[in-house]
Amino acid sequence: MKTLLKKYNEAYRNGEELVTDLQYDALLDQYVSENPGIDESTLRSSFMEASGNITHDIVVGSLKKITHGDRELMDWVGKLDLFVSAKIDGLAIVLKFSKGVLVQASTRGDGYTGVDQTEKLKLIVPGAGANFTGTIRGELTLDNQGLEELRDTFDPTAKNTRNSTVGIINRKTIVPDQVKLIKFIAYEVVDSTLTRQHQFRFLESIGFNVPVHCVVDRKYISEEYLAEKYRKFCLPEFSPYMVDGLVLCDINWISENDVYYPSRARAYKVNNEVLTTTVTGFKYSIGKSGKIIPVVLFEPLELGGTTVKQASGHNYANIRDNHIHVGAKVSVQKSGDIIPYIKN
């Protein structure tokens, strides 16, 4: 299973989707539960870029995920006033500035090292206002207009904003006119004593775009409210970028340095796309533990601009109990991110 997880992760990092984020997390949770004593953050980082050429000054962590309908959702947010922002589906990047000048840009990588992308980022983010010195985290992404321009001028086969962004940034050669189509959306000032809400205000004051956001009083918070807020943030008039969830954090939260998973922030996901297709066959892989993992093949679907042709069957019992066979109709779901799984 670890080999399969690594395969899925590498594909995602390279802009190719084999399986959905919710499915990936479910497999990861299963692996962790079957291997007690494994540190999840260390395990996740082992699947990512292990040989980045830039070492981050602090841990550039990630967010634990909560999905709509999980009991943990209301248990976690029910007692908090929240700062809520759109989660941009892009490529995570870390930028360093000295007196307003961009001096280094690197991918997040495994949270400890990343790949140098300074020359490309100088075409996207020439500098920061107010002679800012420090480090800023954010996402790189094409907006909807940029994706259309990319299709019209360079690549008519470009499917979605994230895959296209990853392809442009990871390409060894720099194509300036394509790189300049990418936008940088800032969301964190590293090593700041400001709350996230006030960080957004500061970032805007020095010339950066930030995700659409709002403050929510705890008395209004419910699953339905958060799902509606997510749907609203996805609308083009609120966000011209692909949004794949919400970032929820305690309104008083100040970023925790050198922590892979911050304790007072979560990524919120909503199941929002289900399509039906026909099973065409099966293939199998063998995990490191020796377990046989079935993969269900089906007629291609377009989910969020991604062509999906297969999904994990988990195990033989799941295939048998759900009567999944050649010719069967299955519902395939995309949950915010881009790893597909069979819903029913």
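The structure this text deals with has already been given above.
Owing to the predicted nature of the structure, the values given are computational and were not obtained by experimental measurement.

Enquirer: Got a minute to help me understand the overall build of the protein chain in this structure?
Expert: Looking only at helices and strands, the protein chain has 11 helices and 16 strands in total. Within the protein chain, buried positions represent 52% of all 344 residues. Intrachain contacts of the protein chain at a sequence separation of at least 6 include 69% that bridge at least 24 residues. Surface accessibility of the protein chain: about 15,900 Å² in total, with carbon and sulfur atoms responsible for 50%.

Enquirer: In this structure, what is going on with the nonpolar core? I would like to understand it.
Expert: Inside soluble globular proteins, nonpolar side chains tend to come together where they are buried. Ranked by size, the top nonpolar core spans 36 residues in total, and within it Phe184 and Phe208 carry the most contacts. When contributions to this core are tallied by element, the ones reaching two or more residues are β4 (91–98), β5 (101–107), α5 (118–124), β7 (134–142), α6 (144–153), α7 (161–170), β8 (182–189) and α9 (196–205). By residue number, the principal contributor to this core is β8, which donates 5 residues. Dropping the residues within four chain positions of it, Phe184 is found in contact with Ile93, Leu95, Ile124, Val125, Ile136, Arg137, Gly138, Glu139, Leu140, Phe208 and Asn209. Membership of the second largest hydrophobic core comes to 24 residues, among which are Leu80, Val84, Tyr241 and Tyr268.

Enquirer: Help me understand a nonpolar patch on the surface, please; the structure alone is not making it clear to me.
Expert: Taken together, the side chains of Tyr284, Ile286 and Ile292 define a hydrophobic patch exposed on the protein surface, amounting to about 380 Å² of accessible area. Within the element layout of this structure, Ile292 appears in strand β13 (residues 292–303). The exposure class of Ile292 is exposed, given its relative accessible area of 56%.

Enquirer: Explain the sheet that holds strand β10 (residues 243–250) to me, please; I cannot follow it from the model alone.
Expert: Two pairing modes exist for strands in a sheet, parallel and antiparallel, and in both the strands are linked by backbone hydrogen bonds. An order of β2-β11-β10-β3-β9 is seen for the 5 strands of this open sheet, with the pairing classed as mixed. Strands at the two margins of the open sheet, each flanked by one partner only, are β2 (65–67) and β9 (213–216). Within this sheet the neighbouring strands show an average axis-to-axis angle of 30 degrees, counted without direction. The pairing of β2 with strand β11 (residues 265–269) spans 3 bridges and is classified as parallel. For Thr67, the partnering residue across the bridge sits in β11 and is Lys269.

Enquirer: In this structure, what is going on with the packing of aromatic side chains? I would like to understand it.
Expert: Each pair of aromatic rings is reported with the distance of its centres and the angle of its planes. Taken as a whole and assessed by the stated rule, the structure comprises 7 aromatic pairs. Seen from their ring centres, Phe97 and Phe132 are 6.0 Å apart, and the 65 degrees between their planes marks the pair as edge-to-face. Here Phe97 is found in strand β4, whereas its partner Phe132 is found in the loop between α5 and β7, with 35 residues between them in sequence. Put simply, the rings of Phe97, Phe132, Phe184, Phe202 and Phe208 pair up and form one aromatic cluster.

Enquirer: What is the right way to look at the side chain of Lys269 in this model?
Expert: Within the fold, Lys269 resides in strand β11. Only 3.0 Å separates the side chain of Lys269 from the backbone oxygen of Asp244, close enough to count as a polar contact.

Enquirer: So what exactly am I meant to see when it comes to the environment of Lys96 here?
Expert: For Lys96, the location among the structural elements is in strand β4. Each C-alpha atom, one on Lys96 and one on Gly127, is 9.8 Å from the other, the two residues being 31 residues apart in sequence. The contact partners of Lys96, leaving out residues within four places of it in the chain, are Asp57, Val101, Leu102, Val103, Gln104, Gly134 and Thr135.

Enquirer: For this particular structure, what's the right way to read the sheet that holds β8?
Expert: Here 4 strands make up an open sheet; going across it, the order is β5-β4-β7-β8 and the pairing antiparallel. Every other strand in the sheet has two partners, leaving β5 and β8 as the edge strands with one partner each. Strand after strand, the sheet turns through a mean of 35 degrees between neighbouring axes, direction not considered. Pairing analysis gives 6 bridges linking β4 to β5, with the strands arranged antiparallel. Bridging from a neighbouring strand, Val94 pairs with Ser106 of β5. Its contacts with the sheet place α7 against β4, β7 and β8, and it is angled at close to 120 degrees to β7.

Thresholds applied
- Residues numbered from 1 in each chain as written.
- Predicted model: local features only at pLDDT ≥ 70, side-chain atom pairs only at ≥ 80, totals over all residues.
- Heavy atoms only, no water.
- Helix = DSSP H or I, 4+ residues; strand = E, 2+ residues; numbered from the N terminus.
- Buried < 20%, exposed > 50% of the residue type's maximum accessible area, 1.4 Å probe, protein only.
- Contact = heavy atoms within 4.5 Å.
- Areas by Shrake-Rupley, 256 points an atom, 1.4 Å probe, with all protein chains shown as cover.
- Core = buried A, V, L, I, M, F, W, Y, C linked by side-chain atoms within 4.5 Å.
- Patch = residues over 30% accessible without salt bridge, like charges linked within 9 Å, V, L, I, M, F, W, Y side chains within 5 Å.
- Salt bridge = Lys/Arg side-chain N within 4 Å of Asp/Glu carboxyl O.
- Pairing = 2+ DSSP bridges.
- Axes fitted to C-alpha atoms, helices over the stretch in contact; angles between N-to-C directions.
- Phe/Tyr/Trp six-rings, centres within 6.5 Å; stacked < 30°, edge-to-face > 60°.
- Polar contact = N/O pair within 3.5 Å; in protein donor to acceptor, adjacent residues only side chain to side chain.

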